[in-house]
Each structure stands twice: as structure tokens, then as C-alpha cells.
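Structural characterization, general
Given next are the chains, with one letter for each unit.
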Amino acid sequence: IPTRYVSGFLAPATGDAANEEGSHAWVQCYVDGTWHGFDPANRAVQDDRYVGTAVGGDYDDVPPLRGSFRGAGEHEWIATVRVDAPPEAAPAAYQQ
């Protein structure tokens with residue numbers, strides 16, 4: 001069964017507080033002509049709350065941040081990602 005690693009974000013369930021924990025990852029399996037997502041960390045099936053940003057063979061293929069920096073060691077980089085529950089009319093989950 002073909003499988004792939006998916007990197008992205010997980011929105012909170014409707015009515016839950018916003019998720020500010022950062023990136024999330026899950027696995028997808030190709031069965032009967034379509035990709036089916038499974039989240040082993042949450043023991044859940046992928047639904048509309050999963051927002052995929054990249055797919056690859058494993059974490060090294062699609063880390064949430066990759067790059068290098070040259071300069072003095074006195075720099076600081078801060079990033080914040082907030083994922084809110086989508087409105088009722090949101091499109092279906094990432095299923096490429």
C-alpha cells in the first residue's frame with residue numbers, strides 16, 4: 001500500500017479553543033484510487049480539520065521549517081501560527 005507523510009496543521013474541533021501548538025503531521029495511504037489520512041498521535045481519521053501543507057516520504061522530506069542563517073549569534077526569530085476551526089462552508093480536507 002503506497003503511503004506518505006503529511007505535514008501541516010490541525011484545527012481545533014468546533015467549539016474548542018484555537019490550537020496554537022504549531023505544526024502537526026499524519027500519514028496517508030493510497031487505497032482504491034484515493035488518499036486516506038490517519039493520525040496515529042490522536043488515534044483519528046483525517047477530516048476537514050487537517051490542513052496539509054506538504055507531503056513526502058518522511059519528516060526529512062517536509063519539515064515545517066528548513067533553511068540556514070549566517071550572521072551574528074545575537075538574532076532571534078519568532079513565529080506564531082494559529083489554526084481556528086473553519087466556518088461551516090469550508091472546503092473539504094487536503095486530499096491531493
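Preceding this paragraph is the structure being described.
Residues numbered from 1 in each chain as written. Predicted model: local features only at pLDDT ≥ 70, side-chain atom pairs only at ≥ 80, totals over all residues. Heavy atoms only, no water.

1. A word on the overall build of the chain
- A count of helical and extended segments in the chain gives zero helices and five strands.
- Counted from the first residue to the last, the chain has its helices and strands arranged as β-β-β-β-β.
- Buried positions account for 25% of the 96 residues belonging to the chain.
- Here the contacts in the chain between residues at least 6 apart in sequence split such that 62% fall between residues at least 24 apart.
- Accessible surface for the chain amounts to roughly 7100 Å². Of this, 51% is attributable to carbon and sulfur atoms. (Helix = DSSP H or I, 4+ residues; strand = E, 2+ residues; numbered from the N terminus. Buried < 20%, exposed > 50% of the residue type's maximum accessible area, 1.4 Å probe, protein only. Contact = heavy atoms within 4.5 Å. Areas by Shrake-Rupley, 256 points an atom, 1.4 Å probe, with all protein chains shown as cover.)

2. Comments concerning the pattern of salt bridges
- Scanning all chains against the criterion turns up one salt bridge.
- Of the charged contacts in the structure, one is a salt bridge between arginine 49 and aspartate 47, with a shortest N-O distance of 3.5 Å.
- Arginine 49 gets classed as partly exposed once you look at its relative accessible area, which sits at 24%.
- Taking the relative accessible area as the measure of exposure, aspartate 47 reaches 32% and is therefore partly exposed. (Salt bridge = Lys/Arg side-chain N within 4 Å of Asp/Glu carboxyl O.)

3. A short note on the packing of aromatic side chains
- This model, assessed by the stated rule, comprises three aromatic pairs.
- Ring geometry for tryptophan 26 against tyrosine 50: centres 4.9 Å apart, planes inclined by 70°, an arrangement best described as edge-to-face. Separated by 24 residues along the polypeptide, tryptophan 26 in strand S2 (residues 24-31) and tyrosine 50 in strand S5 (residues 50-56) bring together distant segments of the chain.
- With centroids separated by 5.0 Å and ring planes inclined at 55°, the aromatic side chains of tyrosine 30 and tryptophan 35 adopt a geometry described as tilted.
- A relative accessible area of 35% means that tyrosine 30 is categorised as partly exposed.
- Here tryptophan 35 falls in the buried class, since its relative accessible area comes to 17%. (Phe/Tyr/Trp six-rings, centres within 6.5 Å; stacked < 30°, edge-to-face > 60°.)

4. A look at the sheet that holds strand S3 (residues 34-39)
- Strand order in this open sheet of five strands is S4-S3-S2-S1-S5, and the pairing throughout is antiparallel. Strands with a single pairing partner mark the edges of an open sheet, and in this sheet they are strand S4 (44-45) and S5.
- The sheet contact formed by S3 and S4 spans two bridges and is antiparallel. Bridging from a neighbouring strand, phenylalanine 38 pairs with valine 45 of S4. (Pairing = 2+ DSSP bridges.)

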